[in-house]
Amino acid sequence: MTTNIEQPYVYRRRELIEPDWTRFPGWRDVTRADWENAQWQRVNCVKNFGQLRTVMGDLLTDEFYADLERDQAERATMSMLVPPQMINTMVPSTVEPMPAAGADFTEAFMADPVRRYMLPVFSDRRTDWASHPFAARDSLHEHDMWAVEGLTHRYPTKVLAEMLPTCPQYCGHCTRMDLVGNSTPQIVKLKLEGKPVDRHAAMLDYLQRTPGVRDVVVSGGDVANMPWKNLEGFLDKLLRIDNIRDIRLATKALMGLPQHWLQPDVVEGVGRVSALARSRGVSLAIHTHVNHANSVTPLVADAAKAMLEAGVRDVRNQGVLMRGVNDSTEQLLDLCFALQDEAMITPYYFYMCDMIPFSEHWRLALHEAQHLQHSMMGYLPGFATPRIVCDVPFVGKRWVHQVDSYDLDKGMSFWRKNYRTSIEGSDEQALSREYVYYDPIYTLPESGQQWWRTNTDVDQVHAAALAGATASRDASAADLA
């Protein structure tokens, strides 16, 4: 049997390489010991233009900084906070030579996939539809579903515990941009009112009183920003609630600040929590957030393996599908194989980017996501083939092929669900209603774009959406007949 069959994607195992951080002028004298120190990484995060200039020296042109400054003033929903580890994966220069300082490096930096979502600039954004007309700060209505402050009870058996409102890094596309991080000129952030100890106690009390909940996502923010003793104290109490069977720790820092998860006290603490979880028959996993293969380095692999050796059941990745970052079959499969083969991180989900303000340049249309899901099938093991999901407001995660009907002209997809959220107890139509999700308007045919230019009234669009769903179902029924 021949092995020389031409395939759309060619698998090649690629050795992980830690980019040389000393290629950046500001880190020329940084030792390996410093680089691998979590405290050094935190202290040297880039939080403003001056710090970025210090790191970059003469690599970037003034035009780039002007573009970045304008974005921070007029568009950014997240303040600047990028660990050295993440900056080091931008224009990594591990295969190609380092571009020359000035125009060449700036061009490469502008095109870099990690830069595109960690340091967005004004010229990245759409000027025709910078935000979708239905974009919202809390696009998934998580706060509406708080059972107690910070505890979102959205699914019948699962809850999300937002432990804190900070992260080691702030991503431009953050779905919790209304709560997480510092305020920006566009967004005054929501502030948690209760003291952490009181909020966490209220969460535990609710879970003890609600035996229908078996699964807790412990998130934020990012749990890597909690002092370990505080996080372990919460997990110890959570593990003693009989109905809790699954716990997932959500931390992008496993990729963005792997040095944190390699600290001896953290590894030892994870070992204690993992042992308690096993003794109680509870599945403890870590979920991280990697969007591009360039972000998977030896330190990231070391951190993931350290967590597995400490006893967590699995380390899984939940990425976000974004234009200019990972919107091709090759980019997605390269990332999945880097995670699975080299870091022992299971590719799990890719979410379509949520409809938050100023995110349209990142978002893909549903049909594009469907194509990517189709094109990935058959290459990875089934258990490591990620599902691309659309997180539909008031519905939850749905595989992109689960859409009920789809108006491609207006970019409206219609979805159904099989359970009520915590705020729909008395809603008799919750399980029969169709819920709408919207494609980016610039991806629509001209007829659809023109329709949106003249129809932005919420009630008017909703009525048109329902009419469109009915027409789509009638057409499908006629085709079947």
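Here, every reference points to the structure presented above.
No experiment lies behind these values; they were computed from the predicted model shown. Each chain carries its own residue numbering, running from 1 in the direction its sequence is written. Restriction of local features to residues with pLDDT of at least 70 applies here, the model being predicted, together with a cutoff of 80 or more for giving and counting side-chain atom pairs; totals for whole chains, interfaces and linings are based on all residues. Heavy atoms from the whole structure form the basis of all side-chain values; hydrogens and water molecules are not counted.

**Points about the overall build of the chain**
Consideration 1: Under the DSSP-based scheme used, a helix requires at least four consecutive residues in state H or I and a strand at least two consecutive residues in state E, with every element numbered from the N terminus. Summing up its helical and strand segments, the chain has 17 helices and 13 strands in all.
Consideration 2: To get the radius of gyration, use the C-alpha atoms; to get the globule rule, take the number of residues to the power 0.38 and multiply by 2.2 Å. What you see for the chain is a C-alpha radius of gyration of 23 Å, in line with the 23 Å of a compact globule of 481 residues.
Consideration 3: C-alpha atoms of the chain, sized along the principal axes, occupy 70 × 60 × 55 Å.
Consideration 4: Burial classes: relative accessible area under 20% of the type maximum marks a residue as buried, over 50% as exposed, and values in between as partly exposed (1.4 Å probe, protein chains only). Taking all 481 residues of the chain together, 57% fall into the buried category.
Consideration 5: We call two residues in contact when some of their heavy atoms are within 4.5 Å. For the chain, contacts bridging at least 24 residues in sequence account for 76% of all contacts bridging at least 6.

**Concerning the layout of surface pockets**
Consideration 1: Of the volumes computed, that of the largest pocket is approximately 850 Å³.
Consideration 2: Put plainly, a pocket is an open set of points on a 1 Å grid over the protein atoms alone with protein on both sides within 12 Å along at least five of seven lines, a cavity is a set where a 1.4 Å probe fits but cannot get out, and a lining residue has an atom within 4 Å of a point. Residue lining of the largest pocket: 34 residues in total, with Pro 92, Thr 94, Val 95, His 292 and Asn 294 positioned closest to the centre.
Consideration 3: Taken together, the elements giving at least two residues each to the lining of the largest pocket come down to α6 (103-111) and α14 (329-342).
Consideration 4: For the lining of the largest pocket, the leading source of residues is α14, giving seven residues.
Consideration 5: In the lining of the largest pocket, the residues fall into 17 nonpolar, seven polar and 10 charged. Grid points are joined across faces, edges and corners, and a volume is the space filled by probe spheres set on the points. In this count, Pro and Cys sit with the nonpolar residues alongside Ala, Val, Leu, Ile, Met, Phe, Trp and Tyr, while Asp, Glu, Lys and Arg are called charged and the others, Gly among them, polar.

**Notes on the environment of Asn 326**
Consideration 1: Relative to the elements of secondary structure, Asn 326 occurs in the loop between β7 (314-321) and α14.
Consideration 2: Classification of Asn 326 by relative accessible area gives buried; the value is 0%.
Consideration 3: The spatial distance from the C-alpha of Asn 326 to the C-alpha of Ile 247 is 28 Å, given a sequence separation of 79 residues.
Consideration 4: Among the polar contacts made by the side chain of Asn 326, one reaches the main-chain amide nitrogen of Met 322 at a distance of 2.7 Å. What qualifies as a polar contact is a pair of N or O atoms within 3.5 Å, subject to a donor-acceptor requirement within protein and to the restriction that residues adjacent in sequence count only when both atoms come from side chains.

**What to know about the pairing of strand β10 (residues 396-399)**
Consideration 1: When DSSP finds two or more bridges between two strands, those strands count as paired. One ladder, built from four bridges, connects strand β9 (residues 387-392) with β10; its direction is antiparallel. Directly across from Val 389, in β10, lies its bridge partner Trp 399.
Consideration 2: A loop of three residues connects β9 with β10, the two strands running antiparallel in sequence, and Phe 394 in this loop sits at a positive phi of about 70°.

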